[in-house]
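Given next are the chains, with one letter for each unit.
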Amino acid sequence: MAAISLRDVRKNYGATEVIHGVSLDVTDGEFIVIVGPSGCGKSTLLRMVAGLEPITEGTIQIGGRVVNDLEPGERDIAMVFQNYALYPHMSVYDNMAYGLKIAGLSKDAIRERVDAAAQMLELKPYLDRRPRQLSGGQRQRVAMGRALVRQPAAFLLDEPLSNLDAKLRVQMRLEIKAMQRKVETTSLYVTHDQVEAMTLADRLVVMNGGHAEQIDTPLNVYRTPATTFVAGFIGSPAMNLMPATVAPNGKGLDLDGGGTVKPRDMALPESGRKVLLGVRPEHLSPVDDLNADLKLAIRAVETLGADTLAHGRLADSGGVGGEMVARLPGTSAVEPDQVLPLAIEPGMAHLFDRESGKRIGNM
């Protein structure tokens, strides 16, 4: 096991900079998930840690050792890829044992490690099979077992579940988290799936355009997003972001779509400032007209069983505002063309600067 440290790591392709000075400290045994949309630089960052991509500037340390100029095989890491990368002509046992044979371990030592990993990953009945005789989930477990037997300083996982169906992904998430807690190996995991990120991570690195927008625990990222990008990316449905201007004399926020709102437990910045009011759909509750902070003119309703999503626009005295969605209990009786009065749960509103997109204060 080993800590991983990145200091102002940058990556250029010619004149184009794709990773913009990322710094990160991963403690020994920590599970870090790097999450973001396609093209944000998350896989490039992981490949630089692995040594598969040279860095342009900065320093990468693994276990206190600078590895900038070391080959992948010298970094004491094991990587699990999206496409499994198994040898089709080898049995499961030989796939898992191959790296150990190359390293010169004895047959007894190899057998001991492979058996232990196969037991942990429930692969014992399949050790004599070839990859083509396995399901997608079993093949992914073989790829993980091949990394596990190496007993590396760190695991690097690049979207390992993206080829699996939804039900199997849930099962494999649980298995990966259980395995990592058992072996306590430092892990960097890349995904574009926010559910994977939130359920697996000790801490998240939210990437956007080659920048680390926020590095924090999943709960803190959800509760206090640092930017409008993070607010919109983490959470499903995404956070509602409503353009507004701070009203004079602390009276509240004048919404661009019409109406004034003053969320409870919120300190307002100086009057006249252009802001974005952020409210997550699950933090809006139906109320009577007198207690409403906002009114939603419903255009469409999604009934999901446990939840009902009401989609529409802000409405105030017939005015039309921006797009908005409210997550309501599944028993809610709402219909299109209905105007629904909503209250913002106390302490659950967020303010962002409209120009920079950065969070204002700690509310």
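Residues numbered from 1 in each chain as written. Predicted model: local features only at pLDDT ≥ 70, side-chain atom pairs only at ≥ 80, totals over all residues. Heavy atoms only, no water.

J.: Help me understand helix α2 (residues 92-102), please; the structure alone is not making it clear to me.
T.: Quick reminder: α-helices carry 3.6 residues per turn. Residues three or four places apart thus point the same way. V92, Y93, N95, M96, A97 and L100 are the residues of α2 that are buried. In the segment just after α2, G104 is the residue with positive phi, at about 90 degrees. (Buried < 20%, exposed > 50% of the residue type's maximum accessible area, 1.4 Å probe, protein only. Helix = DSSP H or I, 4+ residues; strand = E, 2+ residues; numbered from the N terminus.)

J.: What's the story with the pattern of salt bridges in this structure? I'm lost.
T.: A side chain of one charge can pair with a side chain of the opposite charge when the charged atoms of the two come close. According to the stated counting rule, one finds 20 salt bridges in the structure shown. A salt bridge links R203 to E30, with the shortest nitrogen-to-oxygen separation between them at 2.6 Å. Taken as a pair, R203 in strand β9 (residues 203-208) and E30 in the loop between β2 (16-26) and β3 (31-35) lie far apart in primary sequence, 173 residues in all. Look at E30 and you get buried, because its relative accessible area is 10%. Note that R354 is salt-bridged to D256, the shortest N-O span being 3.1 Å. With a gap of 98 residues between them, R354 in the segment after β20 (349-353) and D256 in the loop between β12 (253-255) and β13 (260-261) connect regions that are remote in the sequence. A relative accessible area of 48% places D256 in the partly exposed class. Residues joined by salt bridges that share partners form a network here, namely D8, R10 and E17. (Salt bridge = Lys/Arg side-chain N within 4 Å of Asp/Glu carboxyl O.)

J.: Quick question: what am I supposed to make of the nonpolar core here?
T.: Buried together is how nonpolar side chains tend to be arranged in soluble globular proteins. Counting 45 residues, the largest nonpolar core has V33, M96, V114, Y189 and L204 as the members making the most contacts within it. When near neighbours in sequence (up to four residues on either side) are disregarded, V114 contacts Y93, M96, A97, L127 and V149. Membership of the second largest hydrophobic core comes to 29 residues, among which are A2, I4, C40 and I62. (Core = buried A, V, L, I, M, F, W, Y, C linked by side-chain atoms within 4.5 Å. Contact = heavy atoms within 4.5 Å.)

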